[in-house]
Amino acid sequence: MQSQDRPDLSPETLQKLQQLRHSGQIRAISLDLDDTLWPIWPTIAKAEATLLQWLGEHAPATATHLGDTANVRSLRHEIVNLRPDLKGDLSGLRRESIRLALTRAGDDPDLAEPAFDEFFAARQRVDLFDDALPALEFFSQRWPVVALSNGNADVQVVGIGQHFKASLSASGSGMAKPEARFFHAAAEAVGVAPEHVLHIGDDAALDVQGAMGAGMHAVWLNRGQVAWPHVGAEPHVTVASLWQLCQGLADR
């Protein structure tokens, strides 16, 4: 259904998607999560506020030392340099940033585990984009779908797990986008070759260039409708919403 929020595709993009749809090349979907199915930074901000509130009750010196969510996030960035061994493990990085804050404030560093659990539970409370659930239903009725994320969202906890055959995260896999082997693992998880996977994501480098480098078809979900930021090969298809993508891939 057409509306101001669901503008029709250009004829050129529609043709590209229909060609893919009828070529038989697409046998599975791999799908990014953060900023593809929901906006990530509002989610993180709420989770960090929840963490601060918990620290205020259980480790008040740490809460006072941190002060606000800006400092919580700053410490999270600091730990990236202090713990390069945790690169790609967002849960590990967050847990250790909390431990560092506790230690610096003179609180019990063992509180890092329950504090992280509080943060992580809040991190799973996402607000889906309006087109996310209809798109998931559309994709999963036609192809096996695998989540492929550098984040640490759990599709089961979020409440959308029924739409996925598999879910891979950087934290759990020890690899991350744009590594080709991570995309290949996604293809293997749903039992198809990489060239038969359509990957959908918002990040031009991590999702689109990564997927294309791994031999997949790539859709750039460009909600902001910005210019392609890289020199060289452009996405196979660019859409402004998941509504548009479903429109283009619908049976005709």
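Just so we're clear, the structure is a prediction, and the values are computed from it rather than from any experiment. (Residues numbered from 1 in each chain as written. Predicted model: local features only at pLDDT ≥ 70, side-chain atom pairs only at ≥ 80, totals over all residues. Heavy atoms only, no water.)

Describing the side chain of Q124
This is how it is decided: Numbering of helices and strands runs from the N terminus, with a helix taken as a DSSP run of H or I at least four residues long and a strand as a DSSP run of E at least two residues long. Whenever a nitrogen or oxygen atom comes within 3.5 Å of another N or O atom, the pair is scored as a polar contact, on the condition that within protein one atom can donate a hydrogen and the other can accept it, and that pairs from neighbouring residues in sequence are kept only if both atoms are in side chains. Should any heavy atoms of two residues lie within 4.5 Å, those residues are counted as being in contact.
Mapped onto the elements, Q124 comes out in the loop between α6 (112-123) and α7 (132-140). In terms of polar contacts, Q124 uses its side chain to reach the backbone amide nitrogen of D154, at 2.7 Å. If we skip the residues at most four places from it in the chain, Q124 touches N152, A153, D154, V157 and V158.

Some remarks on the domain arrangement of the protein chain
To keep things clear, this is the line we draw: Here the limits of each domain have been adopted from an automatic or database domain assignment. Salt bridges are counted wherever a side-chain nitrogen of Lys or Arg sits within 4 Å of a carboxyl oxygen of Asp or Glu.
As far as domains go, the protein chain holds domain 1 (11-38 + 128-249) and domain 2 (41-124). On a C-alpha basis, the centres of domain 1 and domain 2 stand 30 Å from each other. If you look at the interface, domain 1 gives 11 residues, while domain 2 gives 8 residues. Our enumeration of links across domain 1 and domain 2 arrives at 1 salt bridge. Note that D34 and R123 form a salt bridge whose closest N and O atoms lie 2.8 Å from each other. Here domain 1 and domain 2 share 7 residue pairs in polar contact (both at pLDDT 80 or more) between them.

With respect to the sheet that holds strand β1 (residues 28-31)
We apply this condition: DSSP bridges decide pairing: two strands pair if at least two such bridges lie between them. Fitted lines through C-alpha atoms serve as axes, helices being fitted only where they are in contact, and the angles separating the N-to-C directions of these axes extend from 0 to 180 degrees.
Strands sit in the order β3-β2-β1-β4-β5-β6 across an open sheet of 6 strands; the sheet is parallel. Of all the strands in the sheet, just β3 (166-169) and β6 (237-239) have a single pairing partner and so form its edges. The mean angle between the axes of side-by-side strands here comes to 20°, regardless of whether they run parallel or antiparallel. When β1 meets strand β2 (residues 145-149), the two strands line up parallel, connected through 3 bridges. Each bridged residue has a counterpart across the sheet, and for S30 the counterpart in β2 is V146. Along the sheet, helix α11 (residues 204-213) makes contact with β4 (197-201) and β5 (217-221), crossing β5 at roughly 165°.

As for the pattern of salt bridges
A side chain with one charge can pair with a side chain of the opposite charge if their charged atoms come near. As a reminder of what qualifies: Relative accessible area decides the class of each residue, using a 1.4 Å probe on protein chains only: under 20% of the type maximum gives buried, over 50% gives exposed, and in between gives partly exposed.
Scanning all chains against the criterion turns up 16 salt bridges. One salt bridge in this structure joins R73 and E48, with 2.7 Å as the shortest N-O distance. You can see R73 sitting in helix α4 (residues 69-82) and its partner E48 sitting in helix α2 (residues 40-58), a full 25 residues away along the chain. Given the relative accessible area of 24%, R73 is considered partly exposed. Of the charged contacts, one joins D85 and R83 as a salt bridge, the two residues approaching to 2.7 Å between their closest N and O atoms.

Considering the nonpolar core
For clarity, the threshold we go by: Nonpolar cores are built from buried Ala, Val, Leu, Ile, Met, Phe, Trp, Tyr and Cys residues. Side-chain atoms within 4.5 Å join them into one set.
Of all hydrophobic cores here, the largest spans 57 residues; its most connected members are L37, W38, L55, F139, F164 and L245. A total of 7 residues in this core trace back to one element, the largest contributor, which is α2. Lining this core are residues from two domains, each supplying at least three of them: domain 1 (11-38 + 128-249) and domain 2 (41-124). V146, L168, V192 and A204 belong to the second-largest nonpolar core, a separate cluster that totals 22 residues.

Digging into the packing of aromatic side chains
Between two aromatic rings, the relevant description is the distance of the centres plus the angle of the planes. We apply this condition: Only Phe, Tyr and Trp rings are paired, with Trp represented by its six-membered ring, and only when their centres lie within 6.5 Å; those with planes under 30 degrees apart are stacked, over 60 edge-to-face, the remainder tilted.
All chains considered together, the criterion is met by 5 aromatic pairs. A centroid spacing of 6.4 Å and a plane angle of 35° characterise the contact between F116 and F119, whose relative ring orientation is tilted. Of this pair, F116 and F119 both sit in helix α6, separated by 3 residues, roughly a single helical turn. F116 sits in the buried class, given a relative accessible area of 3%. Each ring, one from F116 and one from F120, has its centre 5.4 Å from the other, and the planes form 25°; the classification is stacked. Of this pair, F116 and F120 both sit in helix α6, 4 residues apart, roughly one helical turn.

Quick notes on helix α10 (residues 180-189)
Listing the buried residues of α10 in full gives F182, F183, A185, A186 and A187. Close packing links the buried residues of α10 with β2, β3, α9 (170-173), β4 and α11. The positive-phi residue at the C-terminal boundary of α10 is G191, with phi of around 75°.

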